[in-house]
Amino acid sequence: MSNNTKSGRPAGKKTRATEPATTRAPATAIEPHAELRDQQGRLLAGIVRRDGEWVLGMDGRIAGSSASAAHVFAMVRRAGSLHESQGTPVRLTWSDALKAAAEAEATAMGLSFEQFEAQLGRAMEAAGTGAAAAD
């Protein structure tokens with residue numbers, strides 16, 4: 001008998017190789033919610049929602065994640081302000097879901113989103129974690 005026949009193969013070898021995709025771990029759903037781009041269209045920062053967390057990415061890396069939409073939205077807006085103050089025109093786009101979640105969080109704290117954003121900016125400046133941004 002030839003070594004290339006089916007009966008000569010180890011049992012289960014073929015079934016392992018063609019295992020259906022449904023038995024593999026499911027991929028994590030990632031929902032894009034905001035993009036900060038320069039005039040050439042390069043992505044400078046972005047916000048996605050992954051596994052119930054808001055994830056902020058900057059310069060091709062994950063800068064952090066939070067359960068707070070208001071926090072990450074304020075951070076990406078601050079990044080846009082910093083780029084603008086350094087002479088780099090940018091365009092920030094966001095989803096209605098991100099904006100609504102951020103506003104709802106701020107309202108729950110008794111603030112408008114703009115007040116929350118200004119408060120976060122002051123706290124960051126006091127902690128020395130960022131350059132001054134326009135309030």
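Residues numbered from 1 in each chain as written. Predicted model: local features only at pLDDT ≥ 70, side-chain atom pairs only at ≥ 80, totals over all residues. Heavy atoms only, no water.

Engineer: I tried to follow the pattern of salt bridges on my own but got confused; where do I start?
Structural biologist: Any two side chains of opposite charge can pair, so long as their charged atoms come close to each other. Applying the stated criterion across every chain yields a total of five salt bridges. Between Glu 125 and Arg 78 there is a salt bridge, with the nearest N and O atoms lying 3.9 Å from each other. Of this pair, Glu 125 sits in helix H4 (residues 113-127) while Arg 78 sits in helix H2 (residues 69-85); the two residues are 47 residues apart in sequence, bridging distant segments of the chain. For Glu 125, a relative accessible area of 32% puts it in the partly exposed group. You can call Arg 78 buried: its relative accessible area is 9%. For the salt bridge of Lys 99 with Glu 103, the shortest nitrogen-to-oxygen distance reads 3.3 Å. Of this pair, Lys 99 and Glu 103 both sit in helix H3 (residues 96-108), four residues apart, which is roughly one turn of that helix. A residue is classified by how much of its surface remains accessible, and Glu 103, at 34% relative accessible area, is partly exposed. (Salt bridge = Lys/Arg side-chain N within 4 Å of Asp/Glu carboxyl O. Helix = DSSP H or I, 4+ residues; strand = E, 2+ residues; numbered from the N terminus. Buried < 20%, exposed > 50% of the residue type's maximum accessible area, 1.4 Å probe, protein only.)

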